[in-house]
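Results of the structural survey
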Amino acid sequence: SWTGEISWVGKQYDYTELDAMAAGWRKAFGDVWCEEIHKALVKCNFVDGFRIEQIKEKFGELRCYVNNYAPPIDHIINAFEVISRHVCVKCGQLDVPVINHYGWYLPLCKKCYEQTAGYISKLNRVNYEDRLVEAEIEEADMKIPESYTVRRWSKDKDDAEDITYDISDLVAKIRYKNRKRDKHG
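Anyway, here's the lowdown on the structure attached to this text. Values in this document were obtained by computation on a predicted structure and should not be read as measured data.

1. Topic: the overall build of the protein
A tally of regular secondary structure across the protein gives 6 helices and 8 strands. Helices (α) and strands (β) of the protein occur, in sequence order from the N terminus, as β-β-α-β-β-α-β-β-α-α-α-β-β-α. The buried share of the protein, taken over its 185 residues, is 38%. Looking at the protein alone, contacts between residues at least 24 apart form 48% of all its contacts between residues at least 6 apart.

Okay, structure coming up:
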């Protein structure tokens, strides 16, 4: 049952919500995600008022549900939802497509697709390349975008405004971290 207490074993956390993030995403950008959220919380003086309720994958992207947040957190969560669609949920490889994996939409690299769907793929003779052709996915569609657009509706009017957010610095930070990790093992 929920007690609100932090789970400790010795002098370390037993579990954090980051543990619920898909392994590939945690490997590729989990620490950057935490840093960005923490920076925004400190900037808007909201560290003590914020709590993550749930982290999961849904329709091939990261979902993060929180109890309460300030607008800068919304932007960070949205940015990582966009980024997660292009990062393998299993191994963390960047620039992968979301594939319809027998009813589950998952961002998977070729190697992880073949490992997780190997026996099914062989039976149905549906390989990775065939999945890309079926979904009309081209290589350019797999790259992590450096911006995203949201539609905001006016409270007082019946019109909407499209707002584009530049996330190129965040994507560059993730790419740098992954190049460094891959270089050093």
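2. Overview of the nonpolar core
Of all hydrophobic cores here, the largest spans 46 residues; its most connected members are F29, W33, F80 and I83. Among the secondary structure elements, those contributing two or more residues to this core are α1 (23-43), β3 (52-58), β4 (61-66), α2 (71-84), α3 (110-124), α4 (128-134), β7 (147-153) and α6 (168-184). The biggest single contributor to this core is α1, with 8 residues. Among residues more than four places away in sequence, those in contact with I83 are F29, I144, I167, L170, V171 and I174.

3. Topic: the packing of α1 against α2
Between α1 and α2, whose axes approach to 9 Å, the crossing angle comes to 165 degrees. In this view, α1 runs roughly antiparallel relative to α2, as classed from their interaxial angle. In this structure, the crossing between α1 and α2 has a hand that is right-handed. Every residue of α2 that contacts α1 at W25, F29, V32, W33, E36, I37, A40 and L41 is listed here: P72, I73, I76, F80, I83 and S84. When its residues are assigned to classes, the contact of α1 with α2 shows 12 nonpolar, 1 polar and 1 charged.

4. Focus on the environment of M142
Structurally, the position occupied by M142 is in helix α5 (residues 139-142). In contact with M142, not counting residues within four places along its chain, are H86, D95, V96, P97, L132 and I137.

5. Observations regarding α2
Relative to the 20 Å expected for 14 residues at 1.5 Å per residue, α2 spans 20 Å between its end C-alpha atoms, a close match to the ideal helical length. Burial analysis of α2 places 11 of its 14 residues in the buried class, which makes it a mostly covered element. Three or more residues of α2 are buried, namely I73, D74, I76, I77, N78, A79, F80, E81, V82, I83 and S84. Of the surrounding elements, those touching the buried residues of α2 are α1, β4, β6 (104-107), β7 and α6.

6. So, the pairing of β3
For β3 and β4, the ladder comprises 6 bridges, and the chain directions are antiparallel. Note on β4: the bridge partner recorded for K58 is E61. From the end of β3 to the start of β4, which pair antiparallel, there are 2 residues, and F59 there has a positive phi angle of about 50 degrees.

7. What to know about the side chain of D95
Within the secondary structure layout, D95 lies in the loop between α2 and β5 (98-101). Separated by 2.9 Å, the side chain of D95 and the backbone nitrogen of I144 make a polar contact. In terms of polar contacts, D95 uses its side chain to reach the side chain of R175, at 2.8 Å. With residues up to four places along the chain from it excluded, the contact list for D95 reads H86, M142, K143, I144 and R175.

8. Some words on the packing of α1 against α6
One can describe the packing of α1 onto α6 by two numbers: an axis separation of 9 Å at closest approach and a directional angle of 140 degrees. Overall, the two elements α1 and α6 adopt an arrangement that is oblique. Where α1 crosses over α6, the two elements pack in a sense that is right-handed. In this structure, α1 uses K27, A28, F29, D31, V32, E35, E36 and K39 to contact α6, whose residues at the interface are L170, K173, I174, K177, N178 and R181. Of the residues that constitute the contact of α1 with α6, the class distribution is 5 nonpolar, 1 polar and 8 charged.

Conventions adopted
Residues numbered from 1 in each chain as written. Predicted model: local features only at pLDDT ≥ 70, side-chain atom pairs only at ≥ 80, totals over all residues. Heavy atoms only, no water. Helix = DSSP H or I, 4+ residues; strand = E, 2+ residues; numbered from the N terminus. Buried < 20%, exposed > 50% of the residue type's maximum accessible area, 1.4 Å probe, protein only. Contact = heavy atoms within 4.5 Å. Core = buried A, V, L, I, M, F, W, Y, C linked by side-chain atoms within 4.5 Å. Axes fitted to C-alpha atoms, helices over the stretch in contact; angles between N-to-C directions. Parallel < 35°, antiparallel > 145°, perpendicular 65-115°, else oblique. Left-handed = near helix turned anticlockwise from the far one by under 90°. Nonpolar A, V, L, I, M, F, W, Y, C, P; charged D, E, K, R; others polar. Expected span 1.5 Å × (residues − 1). Pairing = 2+ DSSP bridges. Polar contact = N/O pair within 3.5 Å; in protein donor to acceptor, adjacent residues only side chain to side chain.

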